[in-house]
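Single-letter residue listing:
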Amino acid sequence: MTIRVDVIRQAGAFTLAAQFASEGRVTAFFGRSGAGKTTLVNLVAGLLHPDRGRITVDDETLVDTGRGIDLPAHRRRIGYVFQDSRLFPHLSVRSNLLYGRRMTPRVERWGSLEATADLLGIAHLLSRRPGALSGGERQRVALGRALLASPRLLLLDEPLAALDEARKADLLPYIERLRDEMRLPMVYVSHSIEEVARIADTMVVLADGRAVASGPVAEILARSDLRPFTGQAEASAVIVARIVAGGEPGVALVDHPAGRLSVPGLDLPAGRAVRLRIRARDVALAVGEPGLISIRNRLAATVTGLAAADPPMVEVRLDAGGDVVMASVTEGAVQALGLRPGLPVTALIKSAAFDRMSLGPLETDNPQASRLDT
Amino acid sequence: MFDALTPEEWEAVHLSLRVATAATVGSMPVAIFVAWLLARTRFPGRALLDGFVHLPLVVPPVVTGYLLLLSFGRNGPVGAFLENTFGIVLAFRWTGAALAAAIMGFPLMVRAIRLSIDAIDPGLEAAASTLGANRVFVFLTVTLPLMLPGILAGAVLAFARGLGEFGATITFVGNIPGVTQTIPTAIYSYTQVPGGEAAALRLTAISVVIAFAALLASEALSRRIGRRVLGK
């Protein structure tokens, strides 16, 4: 799905002037609060209107002020999951779920109440009222309600923001199932790199109402010039690996062209592609054979570049089996190891660095995943 | 004072209930529309409409009644039009009393409904529109159900106001036993004649009972609606 945006909208002292084109099944709108993410997503939904400009999704023009086109929200068929659920308090869960379905022409409907409720694990809640649901349940019902209106694009505006860490990790797999099993194009709004790295394949970086960069997630996160926006502490690589048989209970073995990693907390069958986020600060470097140490995750890599980060740290860029991986080390370590472009090194990653939020399954037909098959 | 009422007193009770009910039911759709206009739209003259709606609250009721007589009386511009076109006469009829009660209760009903609209999260309406509902459908399925507590509160206030309306009613439609004499105007009449105290007291008691019953009924209803609206 291609989303093209070129809009200007002023409200009070805030001006959104964003221009980008995004290809990808799941596009993330990433930025700090106040960057204009919600404004942008409301423009796509048709809840706000640009002063000037144009938004198209694939070949359809949603709004074009120059041509006097502005499709009203109720005719865009774009689903919207809000940060605060916005379930209708006077309706039961079942009626909430079916609200949009009644308004969708029969031929354009897909999915069913039963299948959607099962997929989201809310079948036992159908007769309840929204006021009696927990935060995580509310968001799952909101997801189901948006899905049952059979949208062609789903907007998720910080859907995890109102949840605590445990509930976040619980809800993410459901969103991944929508992505992988229902193959629904999505726009995922977030200020969290870890969510973006796990859910999205493409990202648009917003700052002060402008789109400062857009492109594949791994590429954007690897760009050191975008650190002021993506955050130095969150500098990370996203790599794709495939689960192989033979892991101990609770620990999966995954194969990457640069080496084999053991990852705790992944419960997926062998052969499944997974997406791993590796933060630069979790990567240590060794020159030569590292000897007896507890870190068993080792990737064979070559230094491709050194970039100054917050002193005294240096961000070392590596090529690991064709993927970019980054390591955050001190200037002293750079000198001691003699790190320079072209030097072969071993990247060491503690298994504990892969927490629940930094890994997730990946749809199998993703171009990144299919690269593993060759 | 629990003696049976005289036919004339019954007539007053009956008429009062009819006038207050007609005034409440008749003015409700208009009040909902005006409250929605004031709460959710911006248009030139909005402040003027707001002031106009509230006028009966601040102007002496007798003035309202006299203005009604001037405009809706048989010789007034609106009254003459209604009589010539539709054959409807309001002045000195129970329907005129209902109109007077409706106008006196209107600001109370609009205020209550408007408060309930202000309490509705516009985000819910936005969510409904992303689910494919057009404006009319959003209003009917989201806004209106969430307004119910306010509509109910407004209706009770307007009904009570209609039962108690005196000044505008007596000025516009008079105090004709069996035709336009409501409980308040009947009580007034009984207090003006020797030996009318017992009748006045009976009607007073009935008036208190009706008002109290309406209040209790609305409390019970609003608890039920409130539970629904809060989603519990």
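Residues numbered from 1 in each chain as written. Chains lettered and ligands numbered in written order. Predicted model: local features only at pLDDT ≥ 70, side-chain atom pairs only at ≥ 80, totals over all residues.

### Section: the overall build of chain A
Check the secondary structure of chain A and you find 10 helices and 21 strands. Relative to its length of 374 residues, chain A is compact, with a C-alpha radius of gyration of 22 Å against a globular reference of 21 Å. Principal-axis analysis of the C-alpha atoms gives chain A an extent of 65 × 50 × 40 Å. Sequence separation of at least 24 residues holds for 69% of the intrachain contacts in chain A that already meet a minimum separation of 6. (Helix = DSSP H or I, 4+ residues; strand = E, 2+ residues; numbered from the N terminus. Rg over C-alpha atoms; globule rule 2.2 N^0.38 Å. Contact = placed C-beta atoms within 7 Å.)

### Here's the deal with the nonpolar core
By size, the foremost hydrophobic cluster in this structure holds 166 residues, and its most contacted members are Leu155(A), Val325(A) and Ala347(A). Among the elements that take part in this core, helix H5 (residues 94-118) of chain B stands out by supplying 16 residues, more than any other. Lining this core are residues from two domains, each supplying at least three of them: domain 1 (2-232) and domain 2 (237-373) of chain A. (Core = buried A, V, L, I, M, F, W, Y, C linked by C-beta atoms within 7 Å. Buried ≥ 20, exposed ≤ 12 C-beta atoms within 10 Å, placed from the backbone. Domains from an automatic or database assignment.)

### Some details on the interface of chain B and chain A
Counting from both sides, the interface comprises 18 residues of chain B and, opposite them, 22 residues of chain A. Examining the composition of the side of chain B that touches chain A, we find that six residues originate from one element, helix H6 (residues 122-130) of chain B, more than from any other. Looking at the side of chain B that touches chain A, its residues break down into 10 nonpolar, six polar and two charged. (Nonpolar A, V, L, I, M, F, W, Y, C, P; charged D, E, K, R; others polar.)

### Notes on the sheet that holds strand E12 (residues 236-244) of chain A
Residues and elements named next belong to chain A. With antiparallel pairing, five strands are arranged side by side in an open sheet as E14-E13-E12-E15-E21. For this open sheet the edge positions go to strand E14 (259-264) and strand E21 (359-361), each flanked by a neighbour on one side alone. Between one strand and the next, the sheet's axes are offset by a mean angle of 40°, whatever the strand orientation. (Pairing = 2+ DSSP bridges. Axes fitted to C-alpha atoms, helices over the stretch in contact; angles between N-to-C directions.)

### Some thoughts on the packing of H6(B) against helix H7 (residues 135-164) of chain B
Angle between the axes and distance between the axes: these two values describe a pair of packed helices. Residues and elements named next belong to chain B. At a minimum axis distance of 10 Å, the contact between H6 and H7 shows a crossing angle of 140°. With respect to H7, the element H6 is oriented oblique. Crossing geometry of H6 relative to H7 is assigned as right-handed. From H6, Leu124, Glu125, Ala128 and Ser129 reach across to H7, where they touch Val138, Thr141, Val142 and Thr143. A per-class count over the contact of H6 with H7 returns four nonpolar, three polar and one charged. (Parallel < 35°, antiparallel > 145°, perpendicular 65-115°, else oblique. Left-handed = near helix turned anticlockwise from the far one by under 90°.)

### What to know about the environment of Leu140(B)
Mapped onto the fold, Leu140(B) is located in helix H7. With 77 residues separating them in the primary sequence, Leu140(B) and Ala217(B) have C-alpha atoms 25 Å apart.

### Observations regarding the sheet that holds strand E1 (residues 2-11) of chain A
Residue and element names in this part refer to chain A. A sheet is described by the order of its strands in space; here five strands give the open sequence E2-E1-E4-E5-E6, paired in antiparallel fashion. Edge positions in the sheet fall to strand E2 (14-23) and strand E6 (69-70), since each of these pairs with one other strand and no more. Examined bridge by bridge, strand E5 (residues 60-64) and E6 share two bridges and lie antiparallel to one another. Bridge pairing in E6 places aspartate 64 opposite isoleucine 69.

### What to know about unusual backbone geometry
All names here are of chain A. Residue aspartate 58 is not a glycine yet carries a positive backbone phi of 50°. When the 11 C-beta atoms within 10 Å are taken as the criterion, aspartate 58 is described as exposed. Unlike most non-glycine residues, arginine 77 shows phi in positive territory, near 55°. Secondary-structure assignment places arginine 77 in the loop between E6 and strand E7 (78-81).

### Notes on the confidence of the model for chain A
Residues and elements named next belong to chain A. Per-residue pLDDT for chain A has a mean of 87; in total, 96% of the residues score no lower than 70. Within chain A, E7 carries the highest mean pLDDT (96), whereas helix H10 (residues 367-373) carries the lowest (35). In the predicted structure, residues 364-374 sits below a pLDDT of 50 and forms 11 contacts with residues beyond four places in sequence or in another chain. (pLDDT = per-residue confidence, 0-100.)

### Digging into the domain arrangement of chain A
All names here are of chain A. Once the domains are mapped, chain A shows domain 1 (2-232) and domain 2 (237-373). Contact with domain 1, which involves 15 residues of that partner, is made by 17 residues of domain 2. Secondary-structure elements contributing two or more residues to the side of domain 1 that touches domain 2 are helix H5 (165-180), helix H6 (193-199) and helix H7 (217-222). Looking at which element gives the most residues to the side of domain 1 that touches domain 2, the answer is H5, with five residues. Residue classes in the side of domain 1 that touches domain 2 are distributed as seven nonpolar, two polar and six charged.

### Here's the deal with the environment of Ser27(B)
All names here are of chain B. Residue placement: serine 27 occurs in helix H1 (residues 7-40). For the pair serine 27 and phenylalanine 166, spaced 139 residues apart in sequence, the C-alpha to C-alpha distance is 18 Å. Not counting residues within four places of it along the chain, the set of residues in contact with serine 27 comprises Ala102, Gly105, Phe106, Met109 and Ala158.

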